[in-house]
There are 2 protein chains.
Amino acid sequence: MPKSAPPSPWRDDLGARVRELRAERQWSQETLAERADIHTAYVSGIERGRRNVSVDNLHRLAVAFDIQVHDLF
Amino acid sequence: MPKSAPPSPWRDDLGARVRELRAERQWSQETLAERADIHTAYVSGIERGRRNVSVDNLHRLAVAFDIQVHDLF
């Protein structure tokens, strides 16, 4: 998997959803990164639709947000 | 991403769900692979919880099954 994947509507949708969930909690990207145990730059890339996020990282995000993975979609 | 990721409960759950959806349709792994435009060996790896599936491939599977991505979880 390339470090930074090209844009796709699917990734854009996921990125917008992650940004929305983070904004609801008034968390910075750094806060989400710490809670999800992923790099801040990776959070930024997800929100910009640049990352082809894996199931493991989807679960890390869901755990950080205290939601189910299906609520990310 | 390693070609074959170590087992995780999350991947096991996704693999079981993919197998279930495929069985409901009475599709072979080859049929699902063709419909999702992914390799048959990759489908097998997903069902065995060995693959850390990316968002792009989750969408390929959802399109093949004619469901939403959140229905994979």
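Summarised in this report is the structure supplied together with it. Predicted, not measured: the structure shown is a model, and the values here were computed from it. (Residues numbered from 1 in each chain as written. Chains lettered and ligands numbered in written order. Predicted model: local features only at pLDDT ≥ 70, side-chain atom pairs only at ≥ 80, totals over all residues. Heavy atoms only, no water.)

**Quick look at the packing of aromatic side chains**
Note on aromatic pairs: each is described by the distance of the centres and the angle between the planes. Tallied over the full model, the rule gives three aromatic pairs over all chains. With 5.6 Å between their ring centres and 5° between their planes, Trp-27 of chain A and Phe-65 of chain A make a pair best called stacked. You can see Trp-27 of chain A sitting in the loop between α1 (9-24) and α2 (29-36) and its partner Phe-65 of chain A sitting in helix α4 (residues 55-65), a full 38 residues away along the chain. Relative to Phe-73 of chain B, the ring of Phe-73 of chain A has its centre 6.0 Å away and its plane inclined at 5°; by these criteria the two rings are stacked. A residue pair is termed interchain when its members come from two chains, as with Phe-73 of chain A in the segment after α4 and Phe-73 of chain B in the segment after α4 (55-65). Look at Phe-73 of chain B and you get partly exposed, because its relative accessible area is 28%. It is Arg-25 of chain A that lies over the ring of Trp-27 of chain A; its NZ or CZ is 5.8 Å from the centre. (Phe/Tyr/Trp six-rings, centres within 6.5 Å; stacked < 30°, edge-to-face > 60°. Helix = DSSP H or I, 4+ residues; strand = E, 2+ residues; numbered from the N terminus. Buried < 20%, exposed > 50% of the residue type's maximum accessible area, 1.4 Å probe, protein only. Lys NZ or Arg CZ within 6 Å of the ring centre and 35° of its normal.)

**A closer look at the nonpolar core**
Core analysis: the largest hydrophobic core is formed by 42 residues, its most contacted members being Leu-32 and Leu-72 of chain A together with Leu-32 and Leu-72 of chain B. Non-local contacts of Leu-72 of chain A, meaning those with residues more than four positions away in its chain, are made with Leu-14, Arg-17, Val-18, Leu-21, Leu-58, Leu-61, Ala-62, Phe-65 and Ile-67 of chain A. (Core = buried A, V, L, I, M, F, W, Y, C linked by side-chain atoms within 4.5 Å. Contact = heavy atoms within 4.5 Å.)

**A word on the packing of helix α2 (residues 29-36) of chain B against helix α3 (residues 40-47) of chain B**
All names here are of chain B. Contact pair α2 / α3: the axes reach a minimum separation of 8 Å and the direction vectors enclose 110°. On the basis of the axis angle, α2 is roughly perpendicular to α3. In the packing of α2 onto α3, the handedness of the crossing is right-handed. Residues Gln-29, Glu-30, Leu-32 and Ala-33 of α2 pack against Thr-40, Val-43, Ser-44 and Glu-47 of α3. Considering only residue class, the contact of α2 with α3 consists of three nonpolar, three polar and two charged. (Axes fitted to C-alpha atoms, helices over the stretch in contact; angles between N-to-C directions. Parallel < 35°, antiparallel > 145°, perpendicular 65-115°, else oblique. Left-handed = near helix turned anticlockwise from the far one by under 90°. Nonpolar A, V, L, I, M, F, W, Y, C, P; charged D, E, K, R; others polar.)

**With respect to the relation of the copies chain B and chain A**
Between the two chain copies there is a screw-like relation: a rotation about an axis and a shift along it. Overlaying chain B on chain A yields an RMSD of 0.0 Å, the required transformation being a rotation through 180° with an accompanying axial translation of 0.0 Å. Classification of the inter-copy transformation places it as that of a two-fold axis. Take the interface residues of chain B: 100% of them recur as interface residues in chain A, which is what a same-surface contact looks like. (Least-squares fit on C-alpha atoms with pLDDT ≥ 70 in both.)

**Notes on the layout of surface pockets**
In this structure, the second largest pocket occupies an estimated 200 Å³ of space. As for the second largest pocket, its lining consists of 13 residues, and the residues nearest its centre are His-59, Gln-68 and Val-69 of chain A together with Asp-13 and Phe-73 of chain B. Going through the elements one at a time, α4 of chain A together with α1 (9-24) of chain B are the ones with two or more residues in the lining of the second largest pocket. The dominant element in the lining of the second largest pocket, judged by the number of residues it contributes, is α1 of chain B, at four residues. (1 Å grid on protein atoms, 1.4 Å probe; cavity = no way out; pocket = protein on both sides within 12 Å on 5 of 7 lines; lining within 4 Å. Points joined across faces, edges and corners; volume = space filled by probe spheres on them.)

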